[in-house]
Amino acid sequence: MTVHVFGHRNPDTDAICSALAYADYLRRTTRPDAVAACCGAPNERTEFALRQAKLALPRIIMDVRPELDDICNREVIFARPTDVFYDVYKLMNAHGLRSIPILDEDDSLIGLATLLELLELVFKGGVDGGQSRGVRSTLRSIVSVLGGNFQHAVNPDETEDLIVTVGAMSAGGFTDRLSQYPVERLLVVSGDRPTIQLPALELGVRALVVTGGFELSSGLIELARNRGVAVITSDLDTATTTMRIKAAQIIADVIDRDFESLPAKMPVTTAKQQIFRSAQPVFPVIEGKKLVGVLSKSDLVTPPRPQLVLVDHNEMGQAVEGAEEADIIEVLDHHRLGGSLKSTGPIKFTMDPVGSTCTLVARLFRQSGIAPEPGIALCMASGIISDTLYLRSPTTTDVDRDILEWLQEFCSVSLEQFATDFFQVGSALRSCTPEKVVREDCKQFEEGGKRFSISQIEEIGFDLFWQRQNELAKALNGLAVEHNLEFSALLVTDISSNGSLLLMSREPDGWDEINYPQLEENLYKLDNVVSRKKQLLPLISSLLESATMPS
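Bear in mind the structure is a predicted one, so any value in this text is a computation, not a measurement.

Here is what the cut-offs are and how they apply
All residue numbers refer to position in the chain's written sequence, counted from 1. pLDDT decides what is reported in this predicted model: residues at 70 or higher carry local features, side-chain atom pairs at 80 or more are listed and counted, and totals for whole chains, interfaces and linings draw on all residues regardless. Calculated side-chain values reflect all of the structure's heavy atoms, with hydrogen atoms and water omitted. Numbering of helices and strands runs from the N terminus; a helix is a DSSP stretch of H or I covering at least four residues, while a strand is a stretch of E covering at least two. Remark: exposure states derive from per-residue accessible area (1.4 Å probe, protein chains only) relative to the maximum for the residue type, with buried under 20%, exposed over 50%, and partly exposed in between. Every residue pair with non-hydrogen atoms within 4.5 Å of one another is taken to be in contact. When charges are counted, neither His nor the chain ends are considered; positive counts come from Lys and Arg and negative counts from Asp and Glu. By convention, charge coordinates are those of NZ in Lys, CZ in Arg, CG in Asp, or CD in Glu. Whether two strands pair depends on DSSP finding at least two bridges between them. Axis lines are fitted to C-alpha atoms, over the contacting stretch for helices. Their N-to-C directions set the angle, which ranges from 0 to 180 degrees. Reported orientations rely on four angle classes, namely roughly parallel under 35 degrees, roughly antiparallel over 145, roughly perpendicular from 65 to 115, and oblique for the rest. Rotating anticlockwise by less than a right angle from the far helix to the near helix defines a left-handed crossing, while the corresponding clockwise rotation defines a right-handed one. Polar here means any residue other than Ala, Val, Leu, Ile, Met, Phe, Trp, Tyr, Cys and Pro, which are nonpolar, and Asp, Glu, Lys and Arg, which are charged; Gly is therefore polar. Put simply, a salt bridge is a Lys or Arg side-chain nitrogen that is within 4 Å of an Asp or Glu carboxyl oxygen. Here, nonpolar core refers to any group of buried Ala, Val, Leu, Ile, Met, Phe, Trp, Tyr and Cys residues whose side-chain atoms link them within 4.5 Å. The arc in question is the one traced by the directions running from the helix axis out to the C-beta atoms. The rule is short: rings of Phe, Tyr and Trp, with Trp giving its six-membered ring, pair when the centres are within 6.5 Å, and they are stacked under 30 degrees, edge-to-face over 60, tilted in between. Here a polar contact means two N or O atoms within 3.5 Å. Within protein one must be a hydrogen donor candidate and the other an acceptor candidate, and residues neighboring in sequence count only if both atoms are side-chain atoms.

A. Representation of the overall build of the protein. When helices and strands are tallied, the protein shows 20 helices and 23 strands. The principal-axis extents of the C-alpha atoms in the protein amount to approximately 115 × 55 × 45 Å. When burial is assessed residue by residue, the protein has 53% of its 551 residues classed as buried. In the protein, 62% of the contacts between residues at least 6 apart in sequence involve partners at least 24 apart. Distance between charge centroids for the protein: 4 Å, based on 53 positive and 76 negative side chains.

Dropping the structure here:
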C-alpha cells in the first residue's frame, strides 16, 4: 500500500519541501512506495524553489478519505446482452458470482443479471409445454453451446424466437405435433431417425439438430438445402442436447436495468449509508457510464485505511482532510505538541525544536550516510532558508546552521545567492487576492477551548501592506466567520528589518495585556517578532490563558 507523506494545510515551503525530501528518503531506505503529497497549492516562492531544484510539484490531494475506486474490485467479470445463459452461467460459477454486470457494445453499463434471474430463462414456463419450448437465440450460439457443427447453415447469426420439438414419438404423431406450431420457428431435435427427419425437412422447419454424433444422408442434406433448413450435428445424446439448447437462451430479457450504481469518487463512509438497506447483491462502480469496478457490502465493512506520514505539523486541525480515517504511521515535526493527534497503534514520533522540518529530514540523510541528490539537497535547503529567514529567525539553532552548511556540499548553486533570489520572488501582497493572502500560510490552533488561526506572509518592507490594509482586514474577518473561529490573525513579517505587523480580525478577552504598541484598531507593531511558532503563538496562548484565570 502506498504511504503518502503530507505537510500541513495551506502549505508553506518547509511543509512541501520536507514532504518531498522525506518521501525520497523513505524510498531509498524502508518504504519504496512512499509518495509526497500536499493539501493545497504551493506559493510562488515554493514554486521557484522547486523549479531551481528541478523537482516536480507533489501531487495535490485535498481529502484522503478512501473512495470507492480505492477499494473496488477492478478485475471485473462482465457479460454482454447477446451472451447466452450457458456461457454466462459457467463464467459466474467459475468466479463464485451471484450477480454480473452487463455491458453494451460500447462498454457502457446497462444493467445487472442475477443467477436467479438467469435460471428463469432455462426453467421459464414450468409445466406449460408451449412456453417451456421457447428459446431466444441464434443458431450459431446453439452450435457453440452444443459443441457441434453445421452440416448446412442458413442465416446462423439471426436472433430468433425458436420452438424446440423433440422427435421422440411415432412419425405420424410427430407430424401432427409439428402442425401445432409456426413451422418457420421450429427447431427439431432427433437422433438417427430418418422417419422423423424426412417430414421435418419436407415441412421446411427452421433447423434440424441431429444428435448422437450422426449426420444426415446425402439425400436428406440435399432436401435440406432445397427447403432452406439449417442442419446441426451434436455428439451429445438427445436429452442432453435438448437441455443444452435451452441453455443457449440469450440473456437480454432478464437484465435488470433498474439497478443502483455508485460513482467512483464517492467516499466509502457515504456509500455505507447509501447501500445499507439495499437487497442488491453487488454494486457497480462507475465513472460516467463506464464500469471501473464492482463491490459488495462486505467490501465496505473493513475497507483498507490509507497510510500517512505527517511532516511539519502534528495537529489534526492542520492535517489533510480525512486524516482521522487514515493510519498515521509517523510524525516528523519541529512545532509544539498539539495534543489532538490519535493513532490506532504505536507510531514513530520525532519532534525537535529546530528551525525547520527540512533540518530534521536532512539530518536523517546525514546520519544514514545517504548523499542527497542535488535537487533534493536544494529542496531541503529551501525549507530551512524559508522557515529560518536564512538563519536570522530566533527559531534558528546551531543544528540548522550546521545542516545548511552540509547541504551546500551537494547543491550546484550558492545558497547565499539562492536565498537572496528566493525572498525577492513572490510577494503575496503584490500578486494575490486578499482572500488568498490570509489563507496562503494559515494554521489553526486551539487554546482553552478557543479556536483561532494565524496566517503569516514575508515581505520586503510594509509599503504594500499599508496600501491593502482595509481589504486584508475584511478578508481576515471573512476567514474567521467561514471557519467559525474566535479570531484570525495575520502576521506580516519584514525580512529586511526582522520585525512584523500583526493584524487581527478582532481582539479576544485579555488582549489588552499584549504589551506591544498598537498602531490602529486591531493592528500592532511587533519589533523583533518574526516567528509564528516560537514568538507569536506562545504570546497569544499566554494572553488567552490569563483571560481565563480568576482575578
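Additional details are given in the paragraphs that follow.
B. Looking closely at the sheet that holds strand β13 (residues 283-287). Spatially, β12-β13-β14 is the arrangement adopted by the three strands of the open sheet, whose pairing is mixed. Looking at which strands have only one partner, the edges of the open sheet turn out to be β12 (262-263) and β14 (290-295).

C. Seen up close, the packing of helix α1 (residues 13-28) against helix α13 (residues 357-367). Put simply, α1 and α13 touch, their axes get as near as 8 Å, and they point 20° apart. Classed by the angle they form, the pair α1 and α13 counts as roughly parallel. Both α1 and α13 take part in a crossing whose hand is left-handed. The residues of α13 that touch α1, namely those facing Asp 14, Cys 17, Ser 18, Ala 21, Tyr 22, Asp 24, Tyr 25 and Arg 28, are Thr 357, Cys 358, Val 361, Leu 364 and Phe 365. In terms of residue class, the contact of α1 with α13 is built from eight nonpolar, two polar and three charged.

D. The arrangement of the pattern of salt bridges in detail. In the structure shown here, the tally under the stated rule is 23 salt bridges. Across the pair Arg 305 and Asp 327 runs a salt bridge, and its minimum N-O distance is 2.8 Å. Separated by 22 residues along the polypeptide, Arg 305 in the loop between β14 and β15 (307-311) and Asp 327 in strand β16 (residues 327-333) bring together distant segments of the chain. Ionic pairing is found between Glu 486 and Arg 506, a salt bridge with its closest N-O pair at 3.4 Å. One end of the pair, Glu 486, is in the loop between α19 (463-482) and β20 (487-494); the other, Arg 506, is in the loop between β21 (499-504) and β22 (518-520), with 20 residues separating them in the sequence. Given a relative accessible area of 35%, Arg 506 falls into the partly exposed group. Taken together, the salt bridges that share partners define one network made up of Asp 24, Arg 27 and Arg 28.

E. Expanded view of the packing of helix α9 (residues 194-203) against helix α10 (residues 218-227). Between α9 and α10, whose axes approach to 8 Å, the crossing angle comes to 20°. Considering their axes alone, α9 and α10 lie roughly parallel with respect to each other. In the packing of α9 onto α10, the handedness of the crossing is left-handed. Contacts between α9 and α10 involve Gln 197, Leu 198, Leu 201 and Glu 202 on the former and, on the latter, Leu 220, Leu 223, Ala 224 and Arg 227.

F. Main features of the nonpolar core. In this structure, Val 5, Tyr 22, Phe 365, Met 380 and Leu 407 are the most contacted members of the largest nonpolar core, which totals 51 residues. Broken down by element, this core gets its largest block of residues, nine residues, from α1. If we ignore the near neighbours within four places in the chain, the residues touching Val 5 are Ala 19, Tyr 22, Ala 23, Leu 26, Val 35, Ala 36, Ala 37, Val 309 and Val 311.

G. Region of interest: the sheet that holds strand β19 (residues 450-459). Pairing is mixed across the open sheet formed by six strands, whose spatial order is β18-β19-β20-β21-β23-β22. Lying at the two open borders of the sheet, with one neighbouring strand each, are β18 (442-447) and β22. Put simply, the sheet's adjacent strands are angled 25° from each other on average, direction ignored. Across six bridges, β18 lies against β19 in antiparallel orientation. Paired with Glu 446 across the bridge in β19 is Arg 451. Sheet strands touched by helix α20 (residues 532-548): β18, β19, β20, β21 and β23 (523-527). Its angle to β19, the strand with the most contacts, is close to 150°.

H. Just α10, in detail. Those residues of α10 not exposed but buried are Leu 220, Ile 221, Leu 223 and Ala 224. Along the axis of α10, the buried positions cluster into a sector of 160°, meaning they face one direction only. Residues of α10 that are exposed and point more than 90 degrees away from the buried face comprise Ser 218 and Asn 226. In the core, the buried residues of α10 are packed alongside β7 (149-152), α9 and β11 (230-233). Residue Gly 228 follows α10 closely and has a positive phi angle near 70°.

I. Summary view of the packing of aromatic side chains. Enumeration over the complete set of coordinates arrives at 12 aromatic pairs. Judged by centre distance (5.2 Å) and plane angle (80°), the ring pair of Phe 422 and Phe 423 falls under edge-to-face. Residue classification places Phe 422 among the buried residues on the basis of a relative accessible area of 1%. Ring geometry for Phe 452 against Phe 487: centres 5.0 Å apart, planes inclined by 10°, an arrangement best described as stacked. Pair noted here: Phe 452 is in strand β19 and Phe 487 is in strand β20, with a separation of 35 residues, a long-range link. Overall, the relative accessible area of 0% leaves Phe 487 in the buried class. An aromatic cluster is built from Phe 445, Phe 452, Phe 487, Trp 511 and Tyr 524, whose rings are joined through pairwise contacts.

J. Spatial organisation of unusual backbone geometry. The backbone phi angle of Tyr 390 is positive, close to 55°, even though this residue is not glycine. Mapping Tyr 390 onto the fold places it in the loop between α14 (374-387) and α15 (398-408). Even without being a glycine, Asn 484 presents a positive backbone phi close to 55°. Within the secondary structure, Asn 484 sits in the loop between α19 and β20.

K. The arrangement of the side chain of Ser 393 in detail. By the secondary structure assignment, Ser 393 is in the loop between α14 and α15. For Ser 393, a relative accessible area of 5% gives the class buried. Of note is the side chain of Ser 393, whose polar atom sits 2.9 Å from the side chain of Thr 395. Among all residues touching Ser 393, those that are not within four sequence positions of it are Asp 387, Thr 388, Val 530 and Ser 531.

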